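Summary of the model geometry
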Amino acid sequence: MNRVACRDFIVGLFVLAALVTIVFLSLGVGGLAYSTGTPLRLYANFDEIAGLKTRAPVVISGVKVGQVTEIVLNDDFRARVVIDVDGSLELPVDTSASIITSGVLGDRYISLMPGGEIDFLKSGEEIAFVESAVVLERLIGKLIHGAGTETE
Amino acid sequence: MVNAIQELGAKTTRFIEELGRIAVFTWLIVRAVFRPPPRIRPFIDEVFKVGVMSLVIICVSGVAVGAVLGLQGYNTLVRFGATESLGAAVGLVLFRELGPVLTALLFIGRAGSSTTAEIGTMVATEQLDGLRMMAVDPIHYVITPKALAMLFVMPLLSSLFILFGLGGGYLVGAQLMGVDPGSYISSLQNAIVFKDDILSSLIKALTFGCMVGVISTFEGYSSAPTSSGVSRATTASVVVGSVSVLIVDYLLTALMGV
């Protein structure tokens, strides 16, 4: 290889390496992979989501299977959470969803607990059994209130 | 009193004149890009000069910055018992701010200044006038490939900086300080959103590349044809480039609203 060709080769290598980096960061870190393939889209209505955010992970037995894509307020003032999970999953219709906190002050995520029915949830269906988030302040409030009535 | 006001007016006018000249210069470059013949060969040479030759400083700085972020982040997070969020802290800072901004600042020092000096010397030794004598447009032949190469290279360098920064944070956080490697990576993956973080990081890098390309070539092109003129132009290129990158970074962050 003469010098010009050698230089071209190095430039090509540099551009290639940088493009691979961008793709790696987008897919590996940015979570673009979840948009490939049709995900299973489920809805769940919660009374209280307490700091659950979009892109929060959705797990089954601690394994991440999807994420929260949208949170809106329903007509009946409940939080409607849109969940996209892996399309290949077959979740029974009596699957329940609960909002859980990792650690005391950690991030909120949704945990799915598969039920025992024979029929499976289809895309666009709603998860009927939900368990809202526990708000620490409210618990403490109840505790103080409860302690107050006891002493009376 | 009148003199002071007069001085202020003159300064304002000069500043606006300068802005106008940069705008016209940018327009000349944009026009030259689409005018045949395309200058592929000088463009590739410039990518080599400003891109490949900047790799070492970008990668080394990336690892160093990532390592410092990992260490500082760990020391702060350990007070709250939240060290498993270290990946998110390092990743968000790198993607949103430090990646594009530090890459741009390093790039100005490494490539922008040398580009300004090169063009300034061409002006001082009347090489650009020589080109004009031969009916070759110096903006088309000399300036455009340099500016385009900078625009092209910045997002690439910025991504590499971020990758090495994440690696540096991983080395210090997960290997040295004992954060669980799995939670470092999973908190990183949970925190980084493609649209909010990676795309805006690339947009920032592209904008900075555009600015550095225009400013460093403009300062060289409009430098006084003396050795002190070249030195002044190089200084101006670094100062104006760095300050405007930092200001525009704030504006872009505010505009993107994340």
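Keep in mind the model is a prediction, meaning the values are calculated, not measured.

**Observations concerning the domain arrangement of chain A**
If you check the domain split of chain A, you get domain 1 (1–30) and domain 2 (37–142). Here domain 1 of chain A and domain 2 of chain A have C-alpha centroids that lie 41 Å from each other.

**Here's the deal with the packing of helix 6 (residues 138–176) of chain B against helix 8 (residues 194–221) of chain B**
All names here are of chain B. At a minimum axis distance of 8 Å, the contact between helix 6 and helix 8 shows a crossing angle of 145°. Every pair of crossing elements has a handedness; the one defined by helix 6 and helix 8 is right-handed. Contacts between helix 6 and helix 8 pair Pro138, Ile139, Ile143, Lys146, Ala147, Met150, Leu151, Met154, Pro155, Ser158, Ser159 and Ile162 from the former with Ser201, Leu202, Ala205, Leu206, Phe208, Gly209, Cys210, Val212, Gly213, Ser216, Thr217 and Tyr221 from the latter. When the residues that make up the contact of helix 6 with helix 8 are grouped by side-chain class, the tally is 16 nonpolar, 7 polar and 1 charged.

**Quick notes on the nonpolar core**
Judged by nonpolar contacts, the single largest core of 47 residues is most densely connected at A:Phe14, B:Leu94, B:Phe95, B:Phe107, B:Leu166 and B:Phe208. Secondary-structure elements contributing two or more residues to this core are helix 1 (3–29) of chain A together with helix 2 (40–51), helix 3 (55–77), helix 4 (86–124), helix 6, helix 7 (181–191), helix 8 and helix 9 (227–256) of chain B. The dominant element in this core, judged by the number of residues it contributes, is helix 6 of chain B, at 10 residues. Sequence-distant contacts of B:Leu166, that is, excluding residues within four places in its chain, are made with A:Leu25, B:Val90, B:Gly91, B:Leu94, B:Phe95, B:Tyr184 and B:Leu188. Of all hydrophobic cores here, the second largest spans 25 residues; its members include A:Phe46, A:Leu52, A:Ala56 and A:Ala79.

**Digging into the sheet that holds strand 2 (residues 57–60) of chain A**
Strand order in the open sheet formed by 8 strands is 7-1-4-3-2-6-5-8 (chain A), with mixed pairing between adjacent strands. Two strands bound the open sheet, and with one partner strand each, they are strand 7 (126–127) and strand 8 (129–131) of chain A.

**As for the interface of chain A and chain B**
Taken together, the 21 residues of chain A in the interface contact 27 residues of chain B. Together chain A and chain B conceal approximately 2,100 Å² of surface at their shared face, both sides included; 75% is due to carbon and sulfur atoms. One can count 2 salt bridges joining chain A with chain B. In this structure, the connection of chain A to chain B is made through 1 residue pair in polar contact (both at pLDDT 80 or more). When residues of the side of chain A that touches chain B are assigned to their parent elements, the largest contribution, 16 residues, is made by helix 1 of chain A. By residue class, the composition of the side of chain A that touches chain B is 13 nonpolar, 4 polar and 4 charged.

**Topic: the pattern of salt bridges**
Residues and elements named next belong to chain B. Scanning the entire structure with this criterion turns up 16 salt bridges over all chains. Residue glutamate 46 pairs with lysine 49 through a salt bridge whose shortest N-O separation is 3.4 Å. A residue pair is termed a helical-turn pair when its members lie 3 or 4 positions apart in one helix, as glutamate 46 and lysine 49 do in helix 2 at 3 residues. Between aspartate 129 and arginine 132 there is a salt bridge, with its nearest N and O atoms 2.8 Å apart. Residue aspartate 129 and its partner arginine 132 are both found in helix 5 (residues 127–133); the two are separated by 3 residues, about one turn of the helix.

**What to know about the packing of aromatic side chains**
The description of an aromatic ring pair rests on the distance of the ring centres and on the angle between the ring planes. All names here are of chain B. Applying the stated criterion to the full structure yields 4 aromatic pairs over all chains. Their ring planes at 70° and their centres at 5.4 Å tell us that phenylalanine 25 and phenylalanine 218 sit as a pair that is edge-to-face. With a gap of 193 residues between them, phenylalanine 25 in helix 1 (residues 2–33) and phenylalanine 218 in helix 8 connect regions that are remote in the sequence. Residue phenylalanine 218 is classed as buried on the basis of its relative accessible area, which comes to 3%.

**Some thoughts on the environment of A:Arg7**
As for its position among the elements, A:Arg7 is in helix 1. By relative accessible area, which is 28% here, A:Arg7 ends up partly exposed. The sequence separation of A:Arg7 and A:Arg41 amounts to 34 residues, and the corresponding C-alpha distance is 50 Å. What A:Arg7 contacts, discounting residues up to four positions off in sequence, is B:Asp45 and B:Phe48.

Thresholds applied
Residues numbered from 1 in each chain as written. Chains lettered and ligands numbered in written order. Predicted model: local features only at pLDDT ≥ 70, side-chain atom pairs only at ≥ 80, totals over all residues. Heavy atoms only, no water. Domains from an automatic or database assignment. Axes fitted to C-alpha atoms, helices over the stretch in contact; angles between N-to-C directions. Helix = DSSP H or I, 4+ residues; strand = E, 2+ residues; numbered from the N terminus. Left-handed = near helix turned anticlockwise from the far one by under 90°. Contact = heavy atoms within 4.5 Å. Nonpolar A, V, L, I, M, F, W, Y, C, P; charged D, E, K, R; others polar. Core = buried A, V, L, I, M, F, W, Y, C linked by side-chain atoms within 4.5 Å. Buried < 20%, exposed > 50% of the residue type's maximum accessible area, 1.4 Å probe, protein only. Pairing = 2+ DSSP bridges. Buried area = accessible area lost by both parts, 1.4 Å probe. Salt bridge = Lys/Arg side-chain N within 4 Å of Asp/Glu carboxyl O. Polar contact = N/O pair within 3.5 Å; in protein donor to acceptor, adjacent residues only side chain to side chain. Phe/Tyr/Trp six-rings, centres within 6.5 Å; stacked < 30°, edge-to-face > 60°.

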